[in-house]
Amino acid sequence: MDLVGAGDEVAAYWRRDPQEAADLVQELTAGGELAVDEVLDAAVDTVVVTGLLALAEARTAATTDPSTAAELCLPPYPTSRSPSPSPAPTSTEKTAPTTNPHRQQTAPAPRQGRGR
C-alpha cells in the first residue's frame, strides 16, 4: 500500500474505531517500508482536506440556506455517541474543586449565635 492510501485508510478507521486505526498504523509500519510519522501525517492530510472541502460546501450552502450549511458542518453520527474528551471520575477518584480565577473571593458570612 502506498503512503496516500495508508493515510486514507487510517483516517477512515479512526472515524470508526481509534484503536483499530492504531493497530492498522502498527501493521502498516511493521515492515519498515513506511514510518509511523509518515502514515499519521498522510492521515491528517486526508482529514484536513476533507474538512476544508466540507467547509467550502457549507460556505456555498450558507448563501442560500444557513440551516443546511450548519447541517453540513455536523458529524455524520449523533453527538451523544461521541466519546467525551476525558473520562468521568470513578467513585474512588476525587475531583478537584473548580474555581473561577476571575471571580472575587468573599469571606463566609458570620454565623449567627443562639440567644441565651
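In short, a report on the structure.

Look at helix α2 (residues 18-29): 17 Å from first C-alpha to last across 12 residues, which is about the 16 Å you get at 1.5 Å a residue. Residues of α2 that are buried: Ala-21, Leu-24, Val-25, Leu-28 and Thr-29. Down the axis of α2, the buried set is contained in an arc of 120°. They therefore lie on one face. Residues Gln-26 and Glu-27 are exposed on α2 and point more than 90 degrees away from its buried face.

What follows concerns the packing of helix α3 (residues 36-62) against helix α4 (residues 66-73). Taken N-terminus to C-terminus, the directions of α3 and α4 make an angle of 165°; their axes are 7 Å apart at the nearest point. Relative to α4, the element α3 lies roughly antiparallel. Here the hand of the crossing between α3 and α4 comes out right-handed. Across the interface between the two elements, Leu-55, Glu-57, Ala-58, Ala-61 and Ala-62 from α3 touch Pro-66, Thr-68, Ala-69, Leu-72 and Cys-73 from α4.

Note that Thr-68 resides in helix α4. Here Thr-68 falls in the partly exposed class, since its relative accessible area comes to 30%.

Glancing now at the packing of α2 against α3. Where α2 contacts α3, the axes come no closer than 9 Å and their chain directions differ by 130°. Between α2 and α3, the interaxial angle falls into the category oblique. Here the hand of the crossing between α2 and α3 comes out right-handed. On the side of α2, the interface is formed by Val-25, Leu-28 and Thr-29, while α3 contributes Val-36, Val-39 and Leu-40. In the contact of α2 with α3, the residues fall into 5 nonpolar, 1 polar and no charged.

Procedures and definitions
Residues numbered from 1 in each chain as written. Predicted model: local features only at pLDDT ≥ 70, side-chain atom pairs only at ≥ 80, totals over all residues. Heavy atoms only, no water. Helix = DSSP H or I, 4+ residues; strand = E, 2+ residues; numbered from the N terminus. Expected span 1.5 Å × (residues − 1). Buried < 20%, exposed > 50% of the residue type's maximum accessible area, 1.4 Å probe, protein only. Arc of directions from axis to C-beta. Axes fitted to C-alpha atoms, helices over the stretch in contact; angles between N-to-C directions. Parallel < 35°, antiparallel > 145°, perpendicular 65-115°, else oblique. Left-handed = near helix turned anticlockwise from the far one by under 90°. Contact = heavy atoms within 4.5 Å. Nonpolar A, V, L, I, M, F, W, Y, C, P; charged D, E, K, R; others polar.

Taken by themselves, the reported measurements are silent on function.
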